[in-house]
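Given next are the chains, with one letter for each unit.
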Amino acid sequence: MKISIITATYNSAATVRDTIESILRQTHQDWELIVEDGLSKDDTLSIVREYEPQCNGRMRIFSEKDDGLYDAMNRGISRATGEVVGILNSDDFYTSSDVLETINAAMEQDDCDAVYGDIHYVKKDDLEHCVRYYSSHRFTRERMMQGYMPAHPSFYCRRNVYQKYGLFDTNFRLAADFEQLLRLIYIEKKIEIGRAVQQECRDR
């Protein structure tokens, strides 16, 4: 199963290497990486392009003016060709080499529309030390009305769900991720979700 990974960048030279290298280490190799750059002014693009040969044609890079993070992610999702789409931002990285393999297995075995998992928060100068663990274990649809949501950076969804129910609403400048999950999971109540043991590090 092909998984499209969307990475939005803007002046991300300090962190984007870790992001891309964690993708290259994945045991599941049927993926594409779509980099949506918002006209970075640092060395982000030159660093990203260093990794093009290692991606063997699986990386596509777009550098253009956007209207913020959610708009950049929407552009990436719209360009995706994989059956499944996930977001891995340029200050995030996979903590293990089997993350995509686990997602792929969960999507195939459970025949669901989306999977989600947990994330680690780490400090930028100590990537091995978890300072906060966001667990999605107790998530239910009903708890979204209390403001609870699965960790959005760990949310992987079939592309046809986005095509049917829409992308991020950029009118929500700070909470478009919550609104989107609320719309997909609670309001529509038509997609089946499962839980994968997926962990990411972020907020360095």
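Just above, that's the structure.
From a predicted model like this one, the values you see are computed outputs, not experimental measurements.

With respect to the overall build of the protein
So, step 1. The helix and strand inventory of the protein stands at 7 helices and 9 strands.
So, step 2. Computed over the C-alpha atoms, the radius of gyration of the protein is 16 Å, within 12% of the 17 Å expected from 2.2 N^0.38 for a compact globule of 204 residues.
So, step 3. Expressed as lengths along the three principal axes of its C-alpha atoms, the size of the protein is roughly 45 × 35 × 30 Å.
So, step 4. Burial statistics for the protein: of 204 residues in total, 51% are counted as buried.
So, step 5. Partitioning the contacts of the protein with sequence separation of at least 6, the portion at a separation of at least 24 is 77%.
So, step 6. A total of about 9700 Å² of accessible surface is found on the protein, and carbon and sulfur atoms cover 46% of it.

Thoughts on the packing of aromatic side chains
So, step 1. Using the criterion set out here, one finds 3 aromatic pairs in the structure.
So, step 2. On the basis of an interplanar angle of 35° and a centroid distance of 5.5 Å, the ring pair of Tyr-70 and Phe-168 is categorised as tilted. You can see Tyr-70 sitting in helix α4 (residues 69-79) and its partner Phe-168 sitting in the loop between α6 (159-165) and α7 (176-187), a full 98 residues away along the chain. Residues Tyr-70 and Phe-168 agree in their burial class; the two are buried.
So, step 3. Consider the rings of Phe-139 and Tyr-148, whose centres lie 6.3 Å apart with planes at 25°: the pair is stacked.
So, step 4. Ring pairs connect the aromatic residues Tyr-116, Phe-139 and Tyr-148, which therefore count as one cluster.
So, step 5. Across from the ring centre of Trp-31, 3.9 Å away, lies the NZ or CZ of Arg-58, which sits over that ring.
So, step 6. In this structure, Arg-143 is placed above the aromatic ring of Tyr-148, and the distance from its NZ or CZ to the ring centre is 4.5 Å.

As for α4
So, step 1. Those residues of α4 that fall on the buried side of the exposure criterion are Tyr-70, Asp-71, Ala-72, Met-73, Asn-74, Gly-76 and Ile-77.
So, step 2. Looking at the buried positions of α4, the neighbouring elements they touch are β1 (3-9), β2 (31-37), β4 (84-87), α6 and α7.

Topic: the side chain of Asn-74
So, step 1. Inspection of the secondary structure assignment puts Asn-74 in helix α4.
So, step 2. Setting aside chain neighbours within four positions, we find Asn-74 in contact with Leu-167, Phe-168 and Thr-170.

Here we look at the environment of Glu-128
So, step 1. One can find Glu-128 in strand β7 (residues 126-134).
So, step 2. With 33 residues separating them along the chain, Glu-128 and Thr-95 place their C-alpha atoms 9.2 Å apart.

Observations regarding the pairing of β1
So, step 1. The element β1 is extensively covered by neighbouring structure, given that 7 of its 7 residues are classed as buried.
So, step 2. Residues Ile-3, Ile-5, Thr-7 and Thr-9 of β1 are buried on one face, and the alternating residues Ser-4, Ile-6 and Ala-8, pointing to the opposite face, are buried as well.
So, step 3. Inspection of the sheet shows β1 paired to β2 by 7 bridges, in the parallel sense. Note that in β2 the partner of Ser-4 across the bridge is Glu-32.
So, step 4. As paired strands, β1 and β4 are joined by 4 bridges and run parallel to one another. Pairing of Ser-4 across the sheet is with Val-85, part of β4.

With respect to the pairing of strand β6 (residues 114-123)
So, step 1. Judged by how many residues are buried, β6 sits mostly within the fold: 9 of 10 residues are covered.
So, step 2. In terms of strand pairing, β6 meets strand β8 (residues 156-158) through 2 bridges, oriented antiparallel. Across the sheet, the residue bridging to Ala-114 is Cys-157, located in β8.
So, step 3. Relative to β7, β6 is paired through 5 bridges, and the arrangement is antiparallel. In the sheet register, His-120 faces β7, and the bridge partner there is Tyr-133.

Notes on the environment of Pro-150
So, step 1. Structurally, Pro-150 is set in the loop between β7 and β8.
So, step 2. C-alpha separation for the pair Pro-150 and Thr-140, spaced 10 residues apart in sequence, amounts to 8.7 Å.
So, step 3. Excluding residues within four positions of it along the chain, Pro-150 makes contact with Tyr-116, Tyr-134, Ser-136, Phe-139, Leu-181 and Ile-185.

Calculation rules
- Residues numbered from 1 in each chain as written.
- Predicted model: local features only at pLDDT ≥ 70, side-chain atom pairs only at ≥ 80, totals over all residues.
- Heavy atoms only, no water.
- Helix = DSSP H or I, 4+ residues; strand = E, 2+ residues; numbered from the N terminus.
- Rg over C-alpha atoms; globule rule 2.2 N^0.38 Å.
- Buried < 20%, exposed > 50% of the residue type's maximum accessible area, 1.4 Å probe, protein only.
- Contact = heavy atoms within 4.5 Å.
- Areas by Shrake-Rupley, 256 points an atom, 1.4 Å probe, with all protein chains shown as cover.
- Phe/Tyr/Trp six-rings, centres within 6.5 Å; stacked < 30°, edge-to-face > 60°.
- Lys NZ or Arg CZ within 6 Å of the ring centre and 35° of its normal.
- Pairing = 2+ DSSP bridges.

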